[in-house]
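Here are the chains, one letter per residue:
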Amino acid sequence: MSTGRLTIDLDAIAANWRALDALTSATVETAATVKADAYGLGIGPVARTLANTGVRTFFVAVAEEGAALRDALGPGPEILIYSGHMAGDTDMIADLGLVPMLNSIEQMTRQFEALPGAPFGIQLDTGMNRLGMEPAEWAAVRDIAMRMGPRLIISHLACADDPESQMNRQQFRTFREMTEGLGVPRSISATGGILLDPRFHMKMTRPGIGLYGGLPFDKAASVVRLSLPVVQTRDLEPGEAVGYGASWRADAPTRIATVSAGYADGILRAISNNAVLFHRDTPCPLAGRVSMDLITVDITHLEGDPKSLDILSPFQSVDDLADCAGTIGYEILTSLGPRYHRRYSGTGE
Ligand SMILES: *Cc1c(COP(=O)(O)O)cnc(C)c1O
């Protein structure tokens, strides 16, 4: 086999959910965010594992993801849609029992005209200026919305990964001002918010990245291992170059392994000449630019040629690799390409 092998540890995902759940009190429901195919790890196996672990409420970005999730989970678990009720979503929402988080007066009108009496939630903007109704908008329609009986009201923190940020407190205050006394369950925390002050936990949390082993949950168990097969090896004389642009040159006799995976597989080109792969616990530096299907690695210091090298493992987290590319673990995970052979380990039990 010449494609990379991506091993996803379902037990680690279950353990991460339990650990995040344990950080909040027993009265706080810990939901799960599984948008973007469970951050690239496969919504079916991941969501079934989480449902077996105790998750009753799942969040996805768009209704189409909700449909795939309903297919994977069957009836029962609640499926909430961050982008709300878009034109064309009505049948999916009604037939599959999805719950849109309404983001605007337009979405409210669409929901109440097409599906009066159907469950819905509300998303409020408290300063991120991305999704949700703003304070003035909400004040204008709040009474109408309340008469229709929202299940849940949410907002989202822009800076929850930075406990020092003033934004957290400001957004929390705005959210409370917009919702105090309404008697509807509230949620403002994703992974980052769980790790802030317990006041941010409110009635429900909805972590994503922490389940999948990413920061800011620094106590997360490692979830992914990505092993890339070595296609061939060769010896270079001092002065010889490697890869496109001849951007890496040997300054001593060097052994290079050519490894099967490239930027088409989510090995971001930005890590060219600036990352390591691992043979067991031994780092091996990337030499030269990342190509579409291949990368080249300096293995001079290894005894013998390895059959494969790991780019994600307990020795290199998604955030370690993200640092090399100047990005975040979220982007590393959601870039993992379709060519990998995905294997699930553990049962989530
Ligand atoms: C993606 C997302 C989450 C989950 O965030 P993490 O940082 O991955 O825990 C929660 N709420 C909203 C609105 C989101 O868009």
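A quick note: this is a predicted structure, and the numbers were derived from the prediction, not measured.

Observations concerning unusual backbone geometry
Residue L215 is joined to P216 through a cis peptide bond whose omega torsion reads 15 degrees. Along the chain, P216 falls in the loop between β10 (204-205) and β11 (224-236). Positive phi outside glycine occurs at D37, with the angle close to 55 degrees. Looking at the secondary structure, you find D37 in helix α2 (residues 35-39). In this model, A246 sits at a positive phi of 45 degrees, which is unusual for a non-glycine residue. Residue class for A246 comes out partly exposed when judged on its relative accessible area of 32%.

Regarding helix α3 (residues 43-53)
The complete set of buried residues in α3 reads I43, G44, V46, A47, T49, L50 and T53. On the buried face of α3, the contacting elements are α1 (10-22), β3 (32-33), α2, β4 (57-60) and α4 (63-73). Residue G54 follows α3 closely and has a positive phi angle near 125 degrees.

Details of the site of the ligand
Surveying the vicinity of the ligand reveals 14 residues, the closest of which are K35, Y39, T191, I209 and Y330. Within the contact set of the ligand, an oxygen atom lies 2.7 Å away from a side-chain nitrogen or oxygen of K35. Between the ligand and the protein, one listed contact pairs an oxygen atom with a backbone N or O atom of G208 at 2.8 Å. Here the ligand has 390 Å² of accessible area as a free molecule, and 92% of this is covered by the chains.

Observations concerning the packing of helix α6 (residues 105-114) against helix α7 (residues 135-148)
Relative orientation of the contacting elements α6 and α7 amounts to 20 degrees, with a least axis distance of 11 Å. Comparing their axes, α7 and α6 come out roughly parallel. Relative to α7, the crossing made by α6 is left-handed. Every residue of α7 that contacts α6 at I105, M108 and F112 is listed here: E137, V141, I144, A145 and M148. Classifying every residue of the contact of α6 with α7 by side-chain character gives seven nonpolar, no polar and one charged.

Some thoughts on the domain arrangement of the protein chain
When the parts come together, some accessible area is lost, and that loss is often what is quoted as the size of the interface. Partitioning the protein chain into structural domains gives domain 1 (31-212) and domain 2 (224-345). Relative placement of domain 1 and domain 2: their C-alpha centres are 38 Å apart. Across the contact, eight residues belong to domain 1 and eight residues belong to domain 2. Together, the buried faces of domain 1 and domain 2 total about 710 Å²; carbon and sulfur atoms form 70% of this surface. The largest per-residue losses of area from domain 1 upon contact with domain 2 belong to Y39, L41 and I209, which jointly make up 61% of the total buried on that side. Where domain 1 packs against domain 2, one counts zero salt bridges. One can count two residue pairs in polar contact (both at pLDDT 80 or more) joining domain 1 with domain 2. Here the residues of the side of domain 1 that touches domain 2 sort into six nonpolar, two polar and no charged.

So, empty space enclosed by the protein
One way to see where empty space is left: roll a probe the size of a water molecule over the atoms. By the definition in use, this model includes two cavities of 30 Å³ or more. Considering the residues around the second largest cavity, the lining is formed by L226, D265, G266, I267, L312, L321, I332, L336 and Y340. Across the lining of the second largest cavity, the residue classes break down as seven nonpolar, one polar and one charged.

Observations concerning the packing of α1 against α3
Relative orientation of the contacting elements α1 and α3 amounts to 45 degrees, with a least axis distance of 10 Å. When the axes of α1 and α3 are compared, the pair comes out oblique. By crossing handedness, the relation of α1 to α3 is classed as right-handed. Residues L10, I13, A14, W17 and R18 of α1 lie in contact with α3, whose contacting residues are P45, V46, T49, L50 and T53. Looking at the contact of α1 with α3 residue by residue, the classes come out as seven nonpolar, two polar and one charged.

Reading guide: rules and limits
- Residues numbered from 1 in each chain as written.
- Predicted model: local features only at pLDDT ≥ 70, side-chain atom pairs only at ≥ 80, totals over all residues.
- Heavy atoms only, no water.
- Helix = DSSP H or I, 4+ residues; strand = E, 2+ residues; numbered from the N terminus.
- Buried < 20%, exposed > 50% of the residue type's maximum accessible area, 1.4 Å probe, protein only.
- Contact = heavy atoms within 4.5 Å.
- Near = heavy atom within 4 Å.
- Polar contact = N/O pair within 3.5 Å; in protein donor to acceptor, adjacent residues only side chain to side chain.
- Areas by Shrake-Rupley, 256 points an atom, 1.4 Å probe, with all protein chains shown as cover.
- Axes fitted to C-alpha atoms, helices over the stretch in contact; angles between N-to-C directions.
- Parallel < 35°, antiparallel > 145°, perpendicular 65-115°, else oblique.
- Left-handed = near helix turned anticlockwise from the far one by under 90°.
- Nonpolar A, V, L, I, M, F, W, Y, C, P; charged D, E, K, R; others polar.
- Domains from an automatic or database assignment.
- Buried area = accessible area lost by both parts, 1.4 Å probe.
- Salt bridge = Lys/Arg side-chain N within 4 Å of Asp/Glu carboxyl O.
- 1 Å grid on protein atoms, 1.4 Å probe; cavity = no way out; pocket = protein on both sides within 12 Å on 5 of 7 lines; lining within 4 Å.
- Points joined across faces, edges and corners; volume = space filled by probe spheres on them.

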